[in-house]
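Coordinate inspection notes
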Amino acid sequence: MTIKTAKLVRFELPLRYPIPTPFKKLTVREGILLILEDEDGRSGCGEISPFPGLHRETLSEAKRQALQLRDRLLQSEIPEGLERLDGGFGGWLDSLKLFPSVRFGVELAVLNLIAARKNVPLAGLIKKTHRKWISVNALLMGTPDNVVKQARDRVEEGYRSLKIKVGKRTLEEDIRIVRAVRGAGGEKIELRLDANRKWRLEEAVGFGLAAAPFNIGYIEEPLQNPGAIHEFYTRTGIPAALDETLLQQEPEQWLSESGIDAFVLKPSVLGSIEKTMKFAERVEQSGKKVVFSCAFGSGVSLTAAANLAACVNQNDVPAGLDTHRWFKEDALKGSFRVEHGGLFILPERTFYSDDFTIS
């Protein structure tokens, strides 16, 4: 298969709510779509959108590298068997030392192109026995009253998993919100919390003991020092999930750590679909959960994460894809839709706004 055209499409998506980052609040999400087309006119789309504070590269740096790579990809042959994710991408791309966001965008565009040629969704390309529907956990944000209202609304819409950010308020305020959301959502709803590594051990234990009666599914990144997770779990009985820690330390070392229930995987940040899926397989083998998520990417990245989620976990584990609510408009039109707390896995259809800039 030959790449006949390779386009870079710059997008700017206005946000309904500002997104805090270590540098400033984002009111617009910027990124680049990489669109590859083969000799038969079929196309595959990938996304390159580094997120400030998570990716080490800036959008300008990613764009420069993508422009160089685009020229290299034109008229080149795509190696056979890349969809097996068994090392082919590594052999093809490792020597280029691509930024994580660029590597993800290239792999996604190529895989979506192969899937288009076979007329299957990305999940069907990777695994024939993939799940046809996945659930999504609702992300509750805002004032305490808004969070409780959102909890009621999301449960009525069909969500069965709710997620709350904790650690920025006082312990008492966080506990009041957790109690209120548990009351609003009911006992059957999974309740996830995310502390974003805000707490020292004793602070986390104090919160965990107070929150334990509310049946917490897990607390994502409860500690500044993740090495103390076993002690946190032993003293509170609340399991943890890892996210940011996986970017700073080798993910493999945490597979046997007791007290960790789930691994939150963001392929665009980890930098490779192939490597992410290999690690996801190891997580499954260890008996822990894989939770696919996205770094406030557009519908291109969200759709990819949904498809990858459909290929893992024997039982449905709600994915962290509710960030689609933050966007006033999307890079894809009508492709990513969450209804009744989840979405169906369908073949990719790429429609992007004519207002975006094509390079």
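This text gives an overview of the structure that appears in the document. In this text, all values refer to a predicted model and were calculated from it rather than measured experimentally.

1. Focus: the overall build of the chain
Helices and strands together make up the secondary structure of the chain, namely 12 helices and 13 strands. Scaling as 2.2 N^0.38, a compact globule of 359 residues should have a C-alpha radius of gyration of about 21 Å, and the chain matches this with 20 Å. In terms of principal-axis extent, the alpha carbons of the chain reach across some 60 × 40 × 40 Å. Expressed as a percentage of the 359 residues in the chain, the buried residues total 56%. Within the chain, contacts between residues at least 6 apart in sequence are counted, and of these 70% link residues at least 24 apart. Approximately 15900 Å² of the chain is accessible, and the part contributed by carbon and sulfur atoms is 48%. Positive and negative side-chain charges in the chain, numbering 50 and 48 respectively, have mean positions lying 1 Å apart.

2. Digging into the layout of surface pockets
Here the second largest pocket is characterised by a volume of approximately 580 Å³. As for the second largest pocket, its lining consists of 22 residues, and the residues nearest its centre are Pro-251, Leu-270, Gly-271, Ser-272 and Lys-275. For the lining of the second largest pocket, the secondary structure elements donating two or more residues are helix H3 (100-118), helix H9 (245-248), helix H10 (267-270) and helix H11 (273-285). Per element, the largest residue contribution to the lining of the second largest pocket is 4 residues, and it comes from H11. Per-class residue counts for the lining of the second largest pocket are 9 nonpolar, 5 polar and 8 charged.

3. Describing the environment of Gly-183
Position of Gly-183 relative to the elements: it lies in helix H6 (residues 171-185). Remark: the alpha-carbon pair of Gly-183 and Ser-272, spanning 89 residues in sequence, is separated by 40 Å.

4. Some thoughts on the state of the cysteines
The final tally for this structure, using the stated rule, is 0 disulfides. Not engaged in a disulfide, the cysteine Cys-294 finds its nearest cysteine sulfur in Cys-45; these two sulfurs lie 13 Å apart. For Cys-294, a relative accessible area of 7% gives the class buried. Considering cysteine sulfurs only, Cys-294 is the nearest to Cys-311, which forms no disulfide, with 16 Å between them. Taking the relative accessible area as the measure of exposure, Cys-311 reaches 5% and is therefore buried.

5. Concerning the packing of aromatic side chains
Per the stated rule, a full pass over the model turns up 6 aromatic pairs. When the centroid spacing of 5.5 Å and the interplanar angle of 85° are considered together, the rings of Phe-263 and Phe-279 count as edge-to-face. Of this pair, Phe-263 sits in strand E10 (residues 260-265) while Phe-279 sits in helix H11, and the two are 16 residues apart along the sequence. Residue Phe-263 is classed as buried on the basis of its relative accessible area of 0%. Classification of Phe-279 by relative accessible area gives buried; the value is 7%. Relative to Trp-326, the ring of Phe-296 lies with its centre 5.8 Å away and its plane at 75°, an arrangement referred to as edge-to-face.

6. Describing the packing of helix H1 (residues 59-73) against H3
Contact geometry for H1 and H3: axes closest at 9 Å, N-to-C directions at 40°. In terms of axis orientation, H1 runs oblique to H3. Between H1 and H3 lies a crossing whose hand is right-handed. Of the residues in H3, those in contact with Ala-62, Gln-65 and Leu-69 of H1 are Ser-101, Val-102 and Val-106.

7. What about the pattern of salt bridges?
Scanning the model with the defined rule gives 28 salt bridges in all. Between Arg-117 and Asp-38 there is a salt bridge, with its nearest N and O atoms 2.6 Å apart. Of this pair, Arg-117 sits in helix H3 while Asp-38 sits in strand E2 (residues 25-38), and the two are 79 residues apart along the sequence. Of the charged contacts in the structure, one is a salt bridge between Lys-266 and Asp-243, with a shortest N-O distance of 2.4 Å. Within this pair, whereas Lys-266 is found in the loop between E10 and H10, its partner Asp-243 is found in the loop between strand E9 (240-242) and H9, the two being separated by 23 residues in sequence. Using a relative accessible area of 12% as the deciding quantity, one classes Lys-266 as buried. With a relative accessible area of 8%, Asp-243 lands in the buried category.

Criteria and cut-off values
For every chain, the first residue of the written sequence is number 1, and numbering continues from 1 along that sequence. Only residues with pLDDT of at least 70 get local features here, since the model is predicted, and only at 80 or more are side-chain atom pairs given and counted; chain-wide, interface and lining totals rely on the full set of residues. Excluding hydrogens and water, the side-chain values take into account all heavy atoms of the structure. Secondary structure counts use DSSP, requiring at least four H or I residues in a row for a helix and at least two E residues in a row for a strand, with both numbered from the N terminus. The quantity called the radius of gyration is restricted to C-alpha atoms. Its globule counterpart is 2.2 Å times the number of residues to the power 0.38. Exposure is judged per residue with a 1.4 Å probe applied to protein chains only, and the accessible area is read against the type maximum: over 50% gives exposed, under 20% gives buried, and values in between give partly exposed. It only takes one pair of heavy atoms within 4.5 Å for two residues to be counted as in contact. Per-residue and other accessible areas were derived by the Shrake-Rupley procedure at a 1.4 Å probe size, with only the shown protein chains allowed to occlude residues. Residues scored as charged are limited to Lys and Arg (positive) and Asp and Glu (negative), so that His and the chain ends carry no count. Where a charge sits is defined by one atom per residue type, namely NZ (Lys), CZ (Arg), CG (Asp) or CD (Glu). The method works on a 1 Å grid over the protein atoms by themselves. A cavity is a set of points holding a 1.4 Å probe that cannot get out, a pocket is an open set with protein on both sides within 12 Å along at least five of seven lines, and residues with an atom within 4 Å of a point line them. Grid points are joined across faces, edges and corners, and a volume is the space filled by probe spheres set on the points. Gly is put with the polar residues, along with every residue not named as nonpolar or charged; the nonpolar set is Ala, Val, Leu, Ile, Met, Phe, Trp, Tyr, Cys and Pro, and the charged set is Asp, Glu, Lys and Arg. To count as a disulfide, a pair of cysteine sulfur atoms needs to be within 2.5 Å. Centres within 6.5 Å are what make two rings of Phe, Tyr or Trp a pair, Trp counting through its six-membered ring; a difference in plane orientation under 30 degrees is then read as stacked, over 60 as edge-to-face, and the rest as tilted. Every axis corresponds to a line fitted to the C-alpha atoms, with the helix fit spanning only the stretch in contact, and the corresponding angles, defined between N-to-C directions, vary from 0 to 180 degrees. Working definition: roughly parallel below 35 degrees, roughly antiparallel above 145 degrees, roughly perpendicular at 65 to 115 degrees, and oblique for all remaining angles. Note on convention: near helix rotated counterclockwise from far helix by under a right angle means a left-handed crossing. Clockwise means right-handed. One side-chain nitrogen of Lys or Arg within 4 Å of one carboxyl oxygen of Asp or Glu is enough to make a salt bridge.

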